Every structure is written in C-alpha cells, then in structure tokens.
Amino acid sequence: MSATLIIKEQFKHIISNFKDYFLIALPLIIGQVIVLQGEGIFDTYSDNYAFLAIYILVVILYVYYIFRFAVNLHRLVILQEKNNYYSPLKQKKVTLFYFLYLLIYFLVMLLVIVLVQIIDGLLNANYAIYAWLYLYIMIIVSFLYSIYGFILPEIAIGNKVSLKSSRHKSKGYRKILFYQFLILYVPFWIFDRIVKTVVPVSDSLLFNFIYAIIFAFLTSLFIGSLSRTYLIANEQNSE
C-alpha cells in the first residue's frame, strides 16, 4: 500500500467518524484559538494578574491536551477506542511518556538549529547557509521519522518500546512514512510560516478559529496515517 493510498484511507476514516475526531480535537481547537489570541489578551489584561493566571493555566492545559489529542487519535485508529477523550487522569502515564519522547526529539532538533544559526553567524552569510541547512534538517527529520516513527503509536497504545524494535518494525515501511511526512507535514509547515509572517494572527478571532480547525484536521490526517501504517505493519509482521 502506498503513502498516498494510506492518506486517502485515513481521510475517509476521518469523514466517516467525524463526530469522534471532532470531539477529540475540540480541546485543541479551543486552546489554539486562545493561544493565538494571546498577544491581544496580554495587551488588554496586562495589569490583571488573576486573569493572566487563568490564561497561563489554560495554556498549560492546552499543551497537555495537544499530546492527549495525539494519544487519543492513535488509540482511535489502532484500538477503535472511543471514550474518555477529556478525562485528565485517563492515559496520563501514556500521555506523559509520549510528551517526554517528543521533548527529547525536539530538543535534539533545537540543538541542531542553534548550531546552524551559530555557524551562519560566524560565516556572516546573511542567512543563506541557514536557509539551506534548515532544508537539510527537514530532510534529516523526515528520515529519522521514517525509521523511528512507529515508537509514537506504540507508546500511545501502551506497548513497551525501544529504538531497536522501532527500526525492526519500520523495515519495508520507511519510504511510506518518509513520503507521508513530506506530503503532509512539510507543505503545512511552510504554509504555517508564511501565514504567521503575513497575517497578524492576534487580530482576527475568525481567522484563528479557521486556522485551528485546519491545523486539527491536517494533524488528524498526519497522526492517523502514521497509526494506519503501524497497524498494517503489525498485521504483516504477525503473519
């Protein structure tokens, strides 16, 4: 099965199970709209410490439910689990483990980006080298994702994980994961950077709401396609 066919199957799954996907995504959509409006909120209520404390709490909950959103999606596609989407105690250990794994991953990427910026500054290349190296970083990230991406759904469904087992399970599916990353994540990442540069996101509640819905849908497509690929790999390996 090709990457595009898996993405199409996941698209159909979202449409046919729209209610569950919407319920899973609802905290993400609400949280993202609030966070995108954050600049305006801080300007308006900068002296209201009680309000700012509530806002910070909302942001913390939003961050938690980003990872809970991913875990719920994995479990919906792989286990057909359709309950307790909002309980903060449900799957808390799995969500924390999921967060820690991605945190380590992003810290490594951040270190690479900082090193690129330092090199670019030393060479005084006016960001030319930085732009090219950032492109290479995206390719490297997609390559690593193709090898170790299966760790994420395994964590989400509560399986024991290791880098070795992920490499083993991804054999035969690495091109599929690589293409999924390039097809779904990279174009949206570029679009996201352009939009946030051009549009003053804190000025339009309607724009932020539409943006949050698009983000939730594409993320559901991306995570769901990973889960679907993992499910296919598991079925093939068990035969």
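This text follows the structure it describes.
Every value quoted in this text rests on a predicted model; they were computed, and no experiment measured them. (Residues numbered from 1 in each chain as written. Predicted model: local features only at pLDDT ≥ 70, side-chain atom pairs only at ≥ 80, totals over all residues. Heavy atoms only, no water.)

Peer 1: I would appreciate a short explanation of the packing of aromatic side chains in the present structure.
Peer 2: One pair of aromatic rings is described through two measures. These are the centre distance and the angle between the planes. Within this structure, the stated rule accounts for 15 aromatic pairs. Look at Phe 11 and Phe 217: their rings are 5.8 Å apart centre to centre, the planes differ by 85°, and that puts the pair in the edge-to-face class. Of this pair, Phe 11 sits in helix H1 (residues 3-16) while Phe 217 is found in helix H10 (residues 205-238), placing the two residues 206 residues apart along the sequence. Its relative accessible area of 30% is what places Phe 217 among the partly exposed residues. Taking 5.9 Å as the distance between ring centres and 65° as the angle between the ring planes, the aromatic pair formed by Phe 178 and Tyr 179 counts as edge-to-face. Since its relative accessible area comes to 23%, Phe 178 is described here as partly exposed. Through a chain of ring-to-ring contacts, three or more aromatic side chains come together here, namely Tyr 145, Phe 181, Tyr 185 and Phe 222. (Phe/Tyr/Trp six-rings, centres within 6.5 Å; stacked < 30°, edge-to-face > 60°. Helix = DSSP H or I, 4+ residues; strand = E, 2+ residues; numbered from the N terminus. Buried < 20%, exposed > 50% of the residue type's maximum accessible area, 1.4 Å probe, protein only.)

Peer 1: Looking at this model, I keep getting lost on the side chain of Gln 10. Mind explaining?
Peer 2: Mapped onto the fold, Gln 10 is located in helix H1. The exposure class of Gln 10 is buried, given its relative accessible area of 0%. Not counting residues within four places of it along the chain, the set of residues in contact with Gln 10 comprises Tyr 21, Val 77, Ser 220, Leu 221, Gly 224, Ser 225 and Arg 228. (Contact = heavy atoms within 4.5 Å.)

Peer 1: Please clarify how the layout of surface pockets should be interpreted in this entry.
Peer 2: To find leftover empty space, one rolls a probe the size of a water molecule over the atoms. By volume, the largest pocket amounts to about 1,400 Å³. Forming the walls of the largest pocket are 43 residues, and the residues nearest its centre are Leu 102, Phe 106, Tyr 185, Phe 215 and Phe 222. Broken down by secondary-structure element, the contributors of at least two residues to the lining of the largest pocket are helix H2 (18-36), helix H4 (49-79), helix H5 (92-123), helix H6 (128-148), helix H9 (174-198) and H10. Split by residue class, the lining of the largest pocket holds 36 nonpolar, 4 polar and 3 charged. As a volume, the second largest pocket reaches approximately 210 Å³. In terms of lining, the second largest pocket is formed by 10 residues, of which the most central are Tyr 101, Ile 104, Tyr 105, Val 108 and Leu 163. Looking at the lining of the second largest pocket, the elements that each hand over two or more residues are H5 and H6. Looking at the lining of the second largest pocket, the element that brings in the most residues is H5, giving 7 residues. Looking at the lining of the second largest pocket residue by residue, the class counts come to 10 nonpolar, no polar and no charged. (1 Å grid on protein atoms, 1.4 Å probe; cavity = no way out; pocket = protein on both sides within 12 Å on 5 of 7 lines; lining within 4 Å. Points joined across faces, edges and corners; volume = space filled by probe spheres on them. Nonpolar A, V, L, I, M, F, W, Y, C, P; charged D, E, K, R; others polar.)

Peer 1: How do you make sense of the packing of H2 against H4 when you look at a structure like this?
Peer 2: Two numbers describe a pair of packed helices, the interaxial angle and the distance between the axes. For the pair H2 and H4, the least separation of the axes is 9 Å and the interaxial angle reads 155°. Taken together, the axes of H2 and H4 lie roughly antiparallel to each other. Two packed elements cross with a definite hand, and for H2 against H4 that hand is left-handed. Taking contact as the criterion, the partners of Asp 20, Tyr 21, Ile 24, Ala 25, Pro 27, Leu 28, Gly 31, Gln 32, Ile 34 and Val 35 in H2 are, on H4, Tyr 55, Val 58, Val 59, Tyr 62, Tyr 65, Ile 66, Phe 69, Asn 72, Leu 73, Leu 76 and Val 77. (Axes fitted to C-alpha atoms, helices over the stretch in contact; angles between N-to-C directions. Parallel < 35°, antiparallel > 145°, perpendicular 65-115°, else oblique. Left-handed = near helix turned anticlockwise from the far one by under 90°.)

Peer 1: Is there a simple way to think about H4 in this case?
Peer 2: Residue pairs three or four apart in sequence face the same way in an α-helix, which turns once every 3.6 residues. End to end, H4 covers 43 Å across 31 residues, agreeing with the expected 45 Å (1.5 Å per residue, within 8%). Phi for Gln 80, located one or two positions after H4, is positive at around 55°. (Expected span 1.5 Å × (residues − 1).)

Peer 1: What exactly am I supposed to notice about the nonpolar core here?
Peer 2: Note on soluble globular proteins: their nonpolar side chains tend to be buried together. Judged by nonpolar contacts, the single largest core of 50 residues is most densely connected at Phe 69, Tyr 98, Phe 150 and Phe 181. In contact with Phe 181, other than residues within four places in its own chain, are Met 138, Val 141, Ser 142, Tyr 145, Val 186 and Phe 222. (Core = buried A, V, L, I, M, F, W, Y, C linked by side-chain atoms within 4.5 Å.)

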